[in-house]
Amino acid sequence: MSSLEPSSPAAALAAVAARIDKARAAAIRPAPFTTLVAVSKGHGPERVRPVLEMGHRVFGESRVQEANAKWPAFKLAHPDVELHLIGPLQTNKVREAVQLFDVIQTLDRPKLATALKTEQARTGRSPTLFIQVNTGEEPQKAGVAPQDAPGFIAWCRDELELPVGGLMCIPPIDEPPAPHFALLQKLARDHGLPLLSMGMSDDFETAIKFGATHVRVGTALFGARETETAASHDVAGMVQK
Ligand SMILES: *Cc1c(COP(=O)(O)O)cnc(C)c1O
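In what follows, the accompanying structure is described.

**Focus: the site of the ligand**
- The immediate surroundings of the ligand are formed by 14 residues, with Lys 41, Ser 201, Arg 216, Gly 218 and Thr 219 found nearest.
- Here Ser 62 contributes a side-chain N or O atom positioned 3.5 Å from an oxygen atom of the ligand.
- In this structure, Arg 216 approaches the ligand through a side-chain N or O atom, which is 2.8 Å from a nitrogen atom.
- Look at the ligand: alone it shows 390 Å² of surface, and the protein chains cover 96% of it.
- Among the residues making up the shell around the ligand, the classes are represented as 6 nonpolar, 4 polar and 4 charged.

Here is the structure:
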């Protein structure tokens, strides 16, 4: 257990909620709402349960397989859970992902878009989609390049008629995040997309300044992850090689 370990899930949830409220109050033009996506990757069900029992319903996971081991039972018990996929999605996992997730935040390439379309047609299930933008143009990171975003957004939404609700980004860890959040906000505005997923434990207050509707917070809620093995570098949404 690290010293960052929150004293209790209740205290941690209240503290993060208070920080969100404060950042929204200080923002000149905050989004109409900011939803806390509680990122439970790397934590077992026993850590998630108390947060669910406190009434929190929106959660994020990075890996389809890990989520499938943890969430079907919780979703049966709490049908109003909203589960977000925030890690890279391989096309061979699309079927499982569409079944389990209510929101997929990491749409980033044509092959994945067509696979999602096919699965949507087959099942009638249609998770809300965010397009992930690689705002820092980092070669190892998932996401469409900013210059390709307008074409990709238009194609997914207007040609494929996929339910694209917004954009998501993960800024480079070694740069100030604000310019990246500003870029994502502008892209979303230009395309009339209402949702913006940006901001993690270290920078969600800044993201709220730039209109975040969804902040993805793990460590500040759950403490250090237990299973930070190969997954540690997933934090930055790296492409899985
Ligand atoms: C793990 C992860 C988070 C949460 O990160 P924390 O720093 O623990 O808050 C947010 N977004 C993505 C895409 C992640 O992979």
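**Section: the pairing of strand E3 (residues 82-85)**
- Where strand E2 (residues 58-61) lies against E3, 4 bridges are found, and the strand directions are parallel. When the sheet's bridge partners are listed, Val 58 is paired in E3 with Glu 82.
- Chirality of the crossover, the property in question, places the unit of E2, helix H3 (residues 64-77) and E3 among those that are right-handed.
- Direction of pairing for E3 relative to strand E4 (residues 103-107): parallel, over a ladder of 2 bridges. Along E4, the bridge assignment pairs Leu 85 with Ile 104.

**Details of the nonpolar core**
- Counting 57 residues, the largest nonpolar core has Trp 71, Leu 107, Leu 116 and Leu 167 as the members making the most contacts within it.
- With residues up to four places along the chain from it excluded, the contact list for Leu 116 reads Leu 89, Val 94, Val 98, Ile 104, Leu 107, Leu 129 and Leu 162.
- One finds Phe 130, Met 168, Ile 170 and Leu 195 within the second-largest nonpolar core, a separate group that totals 5 residues.

**As for the state of the cysteines**
- The full count for this structure, using the stated rule, is 0 disulfides.
- Cys 169 takes part in no disulfide bond, and the closest cysteine sulfur, belonging to Cys 156, lies 17 Å away.

**Considerations on the pattern of salt bridges**
- A complete count under the given rule lists 12 salt bridges for this structure.
- A salt bridge links Arg 109 to Asp 108; its shortest N-O distance comes to 2.8 Å.
- Residue class for Arg 109 comes out partly exposed when judged on its relative accessible area of 29%.
- Between Asp 158 and Arg 157 there is a salt bridge; the shortest N-O distance is 3.5 Å.
- Of the residues examined, Asp 158 reaches a relative accessible area of 47% and is grouped as partly exposed.
- Each of Glu 61, Glu 66 and Lys 70 takes part in salt bridges that share partners, so that together they form one network.

**Quick look at the packing of helix H5 (residues 110-123) against helix H6 (residues 149-159)**
- Relative orientation of the contacting elements H5 and H6 amounts to 15°, with a least axis distance of 11 Å. With respect to H6, the axis of H5 lies roughly parallel. For the crossing formed where H5 meets H6, the hand is right-handed. For the pair H5 and H6, contact is made by Pro 110, Ala 113 and Thr 114 and by Phe 152, Trp 155 and Cys 156, respectively.
- Of the residues assigned to the contact of H5 with H6, the class counts are 5 nonpolar, 1 polar and no charged.

What counts as what
- Residues numbered from 1 in each chain as written.
- Predicted model: local features only at pLDDT ≥ 70, side-chain atom pairs only at ≥ 80, totals over all residues.
- Heavy atoms only, no water.
- Near = heavy atom within 4 Å.
- Polar contact = N/O pair within 3.5 Å; in protein donor to acceptor, adjacent residues only side chain to side chain.
- Areas by Shrake-Rupley, 256 points an atom, 1.4 Å probe, with all protein chains shown as cover.
- Nonpolar A, V, L, I, M, F, W, Y, C, P; charged D, E, K, R; others polar.
- Pairing = 2+ DSSP bridges.
- Helix = DSSP H or I, 4+ residues; strand = E, 2+ residues; numbered from the N terminus.
- Right-handed = clockwise from strand over helix to strand, strands pointing away.
- Core = buried A, V, L, I, M, F, W, Y, C linked by side-chain atoms within 4.5 Å.
- Buried < 20%, exposed > 50% of the residue type's maximum accessible area, 1.4 Å probe, protein only.
- Contact = heavy atoms within 4.5 Å.
- Disulfide = S-S within 2.5 Å.
- Salt bridge = Lys/Arg side-chain N within 4 Å of Asp/Glu carboxyl O.
- Axes fitted to C-alpha atoms, helices over the stretch in contact; angles between N-to-C directions.
- Parallel < 35°, antiparallel > 145°, perpendicular 65-115°, else oblique.
- Left-handed = near helix turned anticlockwise from the far one by under 90°.

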